[in-house]
Amino acid sequence: MTHKVTVATEGADTFRLSNAILIYRSGTAVASRHYATLHPVLNGRGGARLGAGSPATREACAGFVRALADESAFSGFIEPSMLYVAPRTVAWWRPPQPARVWFDTSKRPAGDQAAAQIGIRSGVTPHPGLVFALHDGAWFVAAVKGNQRPTPDAKLHAAPYFNVWKGGHICEGNIQRPDSVTPQTVARFERAFFESRFTHPNVSRLVRWKGGASAFWLALLDGKHKTFPERALLPLNTTLARWLKKLEDHR
């Protein structure tokens, strides 16, 4: 009986196994060397088997790499907000504009006066320019000053939001975000962020403001600022390009 190894996709195509790459390793996981061979898959009456291998050189693998890149690459119009796209990372810019935010600090420990000042509340407030980034499934946010699309050299500031860790890592909690990010889903990611429940600051100092983060957000919720007060933003001492490189290098 002949056994065929195939992959069925959502489309009409069926993919048949044709080649295999075998990877060899010597040494330990900490200090090791690798070697690879490229093999044709021979489909005969006895089923699929590997043919004789040859070194998997850059030239030998170039055709496969190009084909896979063409299959996985995004094709279509790019939204003006998109800043950076890589195989494991995507980043986009949200211009400064109002949005409704939701707070629920009712479950904070007794005696947490700062949280008690807000309680359960929502309202439309101004927001600064924001850079959102996703890398390997983790979600990040940082703030930028001004209303111009940020360049790689743009200076970043801490996003002034509850539930955001140092460096911009978003604690997602009850956020219901889309399964994947594309130029067409960035607006859904933004809605998911703002429609989540902000419960508590994740860092000791979130903004430069008398009374701290709770007093800052109360002022915005009370309508005391028609535009976002950028003087409250704390610098991250990094640029957009360095921030994205750090995300890719350290996660």
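Just above sits the structure.
Everything quoted here is computed from the prediction, not taken from an experiment.

S.K.: Help me out: how do you make sense of the packing of aromatic side chains in this one?
M.R.: For any pair of aromatic rings, the description rests on two quantities: the centre-to-centre distance and the angle between the ring planes. If you walk through the whole model with that rule in mind, you get 19 aromatic pairs. Where Phe216 meets Phe228, the ring centres are 5.7 Å apart and the plane angle is 75 degrees; that geometry is what we call edge-to-face. Residue Phe216 is located in helix H4 (residues 212-221), and its partner Phe228 is located in the loop between H4 and strand S15 (235-239); the two are separated by 12 residues in the primary sequence. According to the relative accessible area criterion, Phe228 is buried, its value standing at 11%.

S.K.: Just checking my understanding: could you explain the sheet that holds strand S10 (residues 120-125) for this structure?
M.R.: Each strand in a sheet pairs with another by means of backbone hydrogen bonds, the pair being arranged parallel or else antiparallel. With mixed pairing, the three strands of this open sheet are ordered in space as S10-S9-S14. Strand pairing shows two members of the sheet lacking a second neighbour, S10 and strand S14 (197-198), which therefore form its edges. The pairing of strand S9 (residues 99-104) with S10 spans six bridges and is classified as antiparallel. Within the sheet, the bridge partner assigned to Val101 lies in S10 and is Gly123. On the sheet, helix H3 (residues 186-194) packs against S9 and S14 and is oriented at approximately 35 degrees with respect to S9. Running over the sheet, H4 touches S9 and S10 and is turned about 60 degrees from S10.

S.K.: Help me understand the pairing of strand S13 (residues 155-158) in this model?
M.R.: Both faces of the sheet carry side chains from a regular strand, because those side chains alternate between them. Here strand S12 (residues 138-144) runs beside S13; their pairing, made up of two bridges, is antiparallel. Note that in S13 the partner of Ala142 across the bridge is Ala158. Taken together, the two bridges between S13 and S15 define a ladder with antiparallel strand orientation. The residue bridging Lys155 from the neighbouring strand is Thr239, located in S15.

S.K.: I'm lost on a nonpolar patch on the surface in this one. Help?
M.R.: Together, Leu22, Tyr24, Tyr35 and Leu50 make up an exposed nonpolar region whose accessible area comes to about 370 Å². Within the secondary structure, Tyr24 is located in strand S3 (residues 19-27). With relative accessibility at 41%, the residue Tyr24 sits in the partly exposed group.

S.K.: Mind showing me how you'd approach the pairing of strand S8 (residues 89-94) here?
M.R.: Counting buried residues in S8 gives six out of six residues, a clear majority hidden from the surface. Across the two faces of S8 the burial is the same, with Thr89, Ala91 and Trp93 and Val90, Trp92 and Arg94 all buried. As consecutive antiparallel partners, strand S7 (residues 82-85) and S8 are separated by three residues.

S.K.: Could you clarify how one ought to interpret the sheet that holds S15 in this entry?
M.R.: As summarised here, the arrangement of the six strands in space is S7-S8-S11-S12-S13-S15, forming an open sheet in which the pairing is antiparallel. Two strands in the sheet have a free side with no partner beyond their single neighbour: S7 and S15. Across the sheet, the mean angle from the axis of one strand to that of its neighbour is 30 degrees, orientation sign disregarded. When S8 meets strand S11 (residues 129-135), the two strands line up antiparallel, connected through six bridges. Among the inter-strand pairings, Val90 is bridged to a residue of S11, identified as Leu134. Along the sheet face, H3 touches S7, S8, S11 and S12 and points at about 70 degrees away from the line of S8. Across the sheet, helix H5 (residues 240-250) lies against S7, S8, S11, S12, S13 and S15, angled at about 85 degrees from S15, the strand it touches most.

Scoring rules and cut-offs
Residues numbered from 1 in each chain as written. Predicted model: local features only at pLDDT ≥ 70, side-chain atom pairs only at ≥ 80, totals over all residues. Heavy atoms only, no water. Phe/Tyr/Trp six-rings, centres within 6.5 Å; stacked < 30°, edge-to-face > 60°. Helix = DSSP H or I, 4+ residues; strand = E, 2+ residues; numbered from the N terminus. Buried < 20%, exposed > 50% of the residue type's maximum accessible area, 1.4 Å probe, protein only. Pairing = 2+ DSSP bridges. Contact = heavy atoms within 4.5 Å. Axes fitted to C-alpha atoms, helices over the stretch in contact; angles between N-to-C directions. Patch = residues over 30% accessible without salt bridge, like charges linked within 9 Å, V, L, I, M, F, W, Y side chains within 5 Å. Areas by Shrake-Rupley, 256 points an atom, 1.4 Å probe, with all protein chains shown as cover. Salt bridge = Lys/Arg side-chain N within 4 Å of Asp/Glu carboxyl O.

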